[in-house]
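What the coordinates show
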Amino acid sequence: MNGPNEGAAARKIAGKALLYLILVVFCVITIYPLVWMLYSSVKTNGEIMMNSFALPSALHPENYAKAWTTAKIGTYFANSLVVTVLAIGLTLVCGASAAFMLAKFKFRSRDFVLSLFIVGMLIPMQAILVPLFIQMKDLRLIDTLASLVLAYTAFGLPLTIFVLESFIRSLPDSILEAAVLDGASLPRLFMCIILPMSGPAVATVAILNFLTNWKEFSLALIFISTEAKKTLPLGLYNFIGAYSTDYAQLMAAMTIASLPLIVMYALFQDRIIDGMADGAVKN
Amino acid sequence: MDSIFKNRKYIALGLAPAMIIYLVFVLYPIVRSFFYGFYDWNGLSKPVYVGLSNFAAILSDKVFWKSFWNNIYIVVVSVFGQIPLGLILAVILNRKMRGAMAFRFFFFMPMILSTVVVGLLWSTILNSQVGILNALLKALALGGLAQNWLGDPRFAMPVVGFIVVWQFFGLYMVILLAALQSIPKEIHESAALDGAGELTKLTRITVPMIWGAITASVVLCIAGGMRTFDLVFTMTQGGPAHATELMAIYMYNKTFDVYKYGYGSAVSLVIFAISFAFILSSRALMGKASSEGKGGEA
Amino acid sequence: MRIRVLASALLFTIVLAFASAADAKIKFTLWHSYIGADQRAEFMADRMAAFRKAHPEIEIDEQLIPRDQYQTKLKTMAAAGELPDAFLLWPNAMTVEFAKAGLLADINDLLAANPAWKNAFSPRALDEFTVDGKTYSAAEGVSLTSIVFYNKALFAKYGVKYPTSYTELKSAIQVFAKNGVIPIADGNKPKWPVQSTIFSCLANRDTGTKWLEDAIAKRNGAKFTDPVFVDALTKLKELADLGAFNKDYNTIDNVQMRSYFYKGEAAMMIDGSWALADMIANAPAAIKANTELGVFPDLGGKGDPKAMCGVAATGIVINAKASAAQKAAIGKLIMFLSGEESQKLFPKYNVPISLKSISIDKASLDPIYAKMLDLIAAHPLVTVYDSALNSEMASIVNDGLQAVMIGQQKPAELAAQLQAALK
């Protein structure tokens, strides 16, 4: 009756159930803070002070309207968007081309150049605030969004180049050789073979840069003075006053701030997973 | 082939845009900041040259060494926590299973939250007076396990390590997922036909084929671990009594709290040197391993 | 011929008049951290609007920077040589550092020219901004740092009298702790609260003010390793060991600690007058009705048992590189913000004044604010440790107190460390 196959099938189901259970538990631990932020954002400040974990007794969506207008979130949002998108674009263009060089081209200083890019990841931001500020001041870029775009690009390059380089390096040389034999020029190689084949990596790097730039705070604090040019993270700190914090509005503002990230990730998730069905497999 | 891939002009052109931006906005300021390390400067008056005395003071400061070991702790926890976790989840979720998309989405969420929210939330959960963790333990009749999580020097660092892993494991899951995409399905299928079990497939095929991405992840872990600042600063400010002090926090305090700007710059130079040494050695170690198992052609 | 000369002279004068009229607006940049939801921010916004209306010839480029980041940004700008024309500065250590670096312009002439304004201040408001005889600002208020807020209903419930001695304090703590009430709510994550609100007063009870001044100046043989100081540290540790504070006191800050008091879970809370605005706005009415304000008990030492700790609030300083016209304009702003007219509005925003006295209708004040005014009137103010010490030693004290309270450092060791750091 209970042959070995049925036993094996039962074990498989039990195994799967266990797996799902673990994954769900992980999920709860992972997602709870986001949920907490959400339901705190529709409570009143007093309610939050009294019991941080209770569900709201009544919903207060007006926190969002207040956060949006009182803190001029609209302006900050737009600035963050402009800076982030421009920086990502610049980073990807410069970074992908540099990564291609470092991955597939042969030159003596290759290792040195790669190490140089790693250096940029090893310093805490606080250490370079002053020299970087002086640099921007000398270039007359202080209090401009351009200063942020350039700085974010520069600081995004190490991670971008690093990740893309390791991906591109693992792409089979045979494909490139075949293309060259077919008479492809370098730009064509880059645009039609390397970039498409690195789809997942490019998408990953794009998301990571989006995250980092969107949340970046220290540089924005130091470079930007004009209200109208401030980015979102600066705006969020407006809610944390010296002697009291308006937690409810802060949560609402943070939810608004997190939305683009969530959207971006949802969009790019597909690209990462499915984007590469074509590339590496078809030799 | 070589005419293209060794062509100096092409190489220079391809590298130029990145190099220029990087040189001007990253390397030059970094070098400049190292420069200050040799001066005694309060950030307000003129700097005074003091040679190596900042470095001597750093190396003899107990608090610095405490923060150094804390950083090492975080790096180790990150490398051996985030990467295996990310890898296993990536492998599991790489298949066609129900809810994979949802899981992949949720596991990435911690990365999206700003450090203010993460710090605030976890401090509240772990609060020994009103936090739900202790309340939960008591409800499960495990009240004896309830601790002053962030306020007790014995537990503060492990707890902080856990939260760091919590926030970043999604990152490595995503990177490794992307890497897994480049493994042709046929390889796994033919290995399965040859009788290879899950574990064998993982260790003999998958891992070697994405070794490049794993190495990159380790480097990122080390770099990130050495630089950690925001999250820990928000939650504990390096306390209690320096239990969770990190080198970046130490540097920040010296620079902005007690007006020792030159000293702070010296600390960042030390952070850099140590990080660099770690990364070089890790790449050497991993490079050796990879030259045997690196995949390539399909 | 004469007419021609006259006409061109007239024309010239007219042109000159227009030219200077066009330049007549004096501009300066002002940075401060009064941003966000609290009452000081409202006060500042209100006053700046009033000032602008009263002085249309002055144009102010005002920049609001969040409190937590203000010092970082300011010090970064200082290091890069880009300080604004006028900015908010903290008294004592910070003013000393900036003044000694030659970054500030003093207001001695402004004070001399306006004796009525100058003499209305309580001494702290000016002294704490004075370095080597030069005064750099006038404080926009004086903060009491060691007010003991206590819940008289809880005291009555457990039959505890407000402590007037160390023994009574200890037994009060024990009674409350036994009954599951937090004796003293505390939040010391940023490390300065215990030093500023509790320890400064406690130590002063034991050592007296003169000892501290002597120890810092290294005269009369006073040292931090003296028994009076070590004893103060030991007392603090004793209180912590008795369970005087909420268990999470090292993981929350001094804003979060107030919720214990507001919820009626804490019998006492020791905080500064800056807490008033928050309390008046956010505490439930039932708690406010039962809140009394007291001073630290008499510990029987050398210090004045009636003393309270106080420190000047922030003030606006002038960049040394500002032009004469800018200095004059900023001077007007300083006078405006700290003068009688503005200070009359402080009670409305629940900020303690920095004048010696002010004529206000007591009935219009919030009862808690009125109680605070009574405290100020009845108790002399002594200094706070992070005012008296330079920033490096203050940092040692802050870190050290936290370490001593959790048993990571012995009182004698901290005392020795402080003495060694004295230059």
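Sequence order sets the numbering: in each chain, residues are counted from 1 along the sequence as written. Each chain gets a letter, beginning with A, and each ligand a number, beginning with 1, in the order they are written. Selection of residues for local features in this predicted model requires a pLDDT of at least 70, selection of side-chain atom pairs for listing and counting requires 80 or more, and totals for whole chains, interfaces and linings are taken over all residues.

**Notes on the overall build of chain B**
Secondary structure elements are defined from DSSP: runs of H or I of at least 4 residues count as helices, runs of E of at least 2 residues count as strands, and each element is numbered from the N terminus. What chain B contains, in helices and strands, is 14 helices and two strands. Taken along its principal axes, the extent of the C-alpha atoms in chain B is 70 × 70 × 30 Å. Within chain B, buried positions represent 51% of all 298 residues. Whether two residues are in contact depends on their C-beta atoms, placed from the backbone: they are in contact if these lie within 7 Å. Of all intrachain contacts in chain B linking residues separated by at least 6 positions in sequence, the fraction that spans at least 24 positions is 69%. Three exposure classes are used, based on other C-beta atoms lying within 10 Å of a residue's own C-beta, which is placed from the backbone: buried for 20 or more, exposed for 12 or fewer, and partly exposed in between.

**Describing unusual backbone geometry**
Residue and element names in this part refer to chain C. A positive phi is found at Asn92, a non-glycine position, where the angle reads about 60 degrees. Within the secondary structure layout, Asn92 lies in the loop between strand 3 (86-89) and helix 4 (93-100). Residue classification places Asn92 among the buried residues on the basis of 22 C-beta atoms within 10 Å. Despite not being glycine, Asp132 shows a phi value in the positive range, around 50 degrees. In this fold, Asp132 is placed in the loop between strand 5 (130-131) and strand 6 (134-135).

**So, the nonpolar core**
Counting residues in each nonpolar core, the largest one holds 300 residues, and the members touching the most others are Ala253 of chain A, Leu176 of chain B together with Ala266 of chain C. Of the residues forming this core, the biggest block, 17 residues, is contributed by helix 8 (residues 153-181) of chain B. Beyond its immediate sequence surroundings of up to four residues, Leu176 of chain B is in contact with Gly86, Leu87, Ala90, Ile210, Ala213 and Ser217 of chain B. To define a nonpolar core, we join buried Ala, Val, Leu, Ile, Met, Phe, Trp, Tyr and Cys residues through C-beta atoms within 7 Å and take the resulting set.

**Some words on the domain arrangement of chain C**
Residues and elements named next belong to chain C. For the domain bounds, the source is a domain assignment made automatically or taken from a database. Each domain of chain C was delimited in the assignment, giving domain 1 (26-141 + 313-357) and domain 2 (144-310 + 383-421). A C-alpha centroid distance of 30 Å is found between domain 1 and domain 2. Each partner contributes residues to the interface: domain 1 has twelve residues there, and domain 2 has eleven residues.

**As for the interface of chain B and chain A**
For interface size, the figure often reported is the accessible area lost on association. Taken residue by residue, the interface counts 67 residues in chain B and 72 residues in chain A. Looking at the side of chain B that touches chain A, the elements that each hand over two or more residues are helix 1 (2-5), helix 2 (8-36), helix 5 (100-112), helix 6 (115-126), helix 8, helix 11 (211-227), helix 13 (247-257) and helix 14 (261-293) of chain B. Considering every element that reaches the side of chain B that touches chain A, the biggest residue donor is helix 2 of chain B, with 15 residues.

**A look at the interface of chain A and chain C**
Each side of the interface is counted separately: chain A has 21 residues, and chain C has 25 residues. At the level of elements, helix 2 (45-50), helix 6 (125-138) and helix 11 (218-223) of chain A are the ones that each hand at least two residues to the side of chain A that touches chain C. The element that contributes the greatest number of residues to the side of chain A that touches chain C is helix 6 of chain A, accounting for five residues. Gly is put with the polar residues, along with every residue not named as nonpolar or charged; the nonpolar set is Ala, Val, Leu, Ile, Met, Phe, Trp, Tyr, Cys and Pro, and the charged set is Asp, Glu, Lys and Arg. Residues that form the side of chain A that touches chain C fall into these classes: 13 nonpolar, six polar and two charged.

**A look at helix 4 of chain C**
Residues and elements named next belong to chain C. Taken residue by residue, helix 4 has Ala93, Thr95, Glu97, Phe98 and Ala99 as its buried positions. Elements in contact with the buried residues of helix 4: strand 3, strand 4 (104-105), strand 5, helix 18 (385-388) and helix 19 (391-405). Looking at the residues trailing helix 4, positive phi occurs at Gly102, about 75 degrees.

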